[in-house]
Amino acid sequence: MNVSKIRWTAVFVILSLLAVLVFGSGSSASATVNYGQEVASVANKYVGSPYKYGGTTPKGFDASGFTQFVYKNAATKMTIPRTSADQYKKGKSISRSQLQPGDLVFYATGTKGKVSFVAIYNKNGTFIGATSKGVKVVKMSDTYWKDRYIGAKRLIK
């Protein structure tokens, strides 16, 4: 290679690098948030928190206080109603087969057929909820929960 070719090659490489720095490489990478998965991830952070009747903070949660807290403190920043019955009035009804992380699942733990418990769908047939034994990951197929299931709602579009 002669000196002239080396100089032109060096100039070409330098100009190419400058063009990439100034104009970018032509591809743009962007991150998107899956809000449902993010809600479930935030909920998982509070597993082990204690149960407290009327509780709305990590010092102690009841079922709807937990879901309200998680939705407000996740990337969704959503304000949802305080009670499980009022939360059940929101969002789009979905079947069990359509459940995705972050969906709300509802149960009748008191009067049969009347919503009295809410939790956040996690994955693989589990939910994260503030049970009487604290915030836990629970299998929806457990007899107690399976027999009391009312439905599910998707609040996140």
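Before reading on, note that the structure itself is shown above.
Residues numbered from 1 in each chain as written. Predicted model: local features only at pLDDT ≥ 70, side-chain atom pairs only at ≥ 80, totals over all residues. Heavy atoms only, no water.

1. Observations regarding the overall build of the chain
The secondary structure content of the chain amounts to 5 helices and 8 strands. Burial status across the chain gives 36% buried among its 157 residues. Long-range contacts, defined here as pairs at least 24 residues apart, represent 53% of the contacts in the chain between residues at least 6 apart. Just so you have it, the chain exposes about 9,800 Å², and 56% of that area is on carbon and sulfur atoms. (Helix = DSSP H or I, 4+ residues; strand = E, 2+ residues; numbered from the N terminus. Buried < 20%, exposed > 50% of the residue type's maximum accessible area, 1.4 Å probe, protein only. Contact = heavy atoms within 4.5 Å. Areas by Shrake-Rupley, 256 points an atom, 1.4 Å probe, with all protein chains shown as cover.)

2. A word on unusual backbone geometry
Note: most residues except glycine have negative phi, and most peptide bonds are trans. Backbone geometry places Lys-77, a non-glycine residue, at a positive phi of 55°. In this fold, Lys-77 is placed in the loop between α3 (63–73) and α4 (84–88). Unlike most non-glycine residues, Asn-124 shows phi in positive territory, near 50°.

3. Some remarks on the nonpolar core
Core analysis: the biggest nonpolar cluster contains 20 residues, and Val-39, Phe-66, Val-70, Tyr-71, Leu-104 and Ile-120 have the highest contact counts within it. Within the residue set of this core, elements represented by two or more residues are α2 (35–45), α3, β4 (104–107), β5 (117–121) and β6 (126–131). No other element matches the 4 residues that α3 contributes to this core. With residues near it in sequence (within four places) discarded, Tyr-71 still touches Val-39, Thr-76, Lys-77, Met-78, Ile-80, Gly-102, Asp-103, Leu-104, Leu-155 and Ile-156. (Core = buried A, V, L, I, M, F, W, Y, C linked by side-chain atoms within 4.5 Å.)

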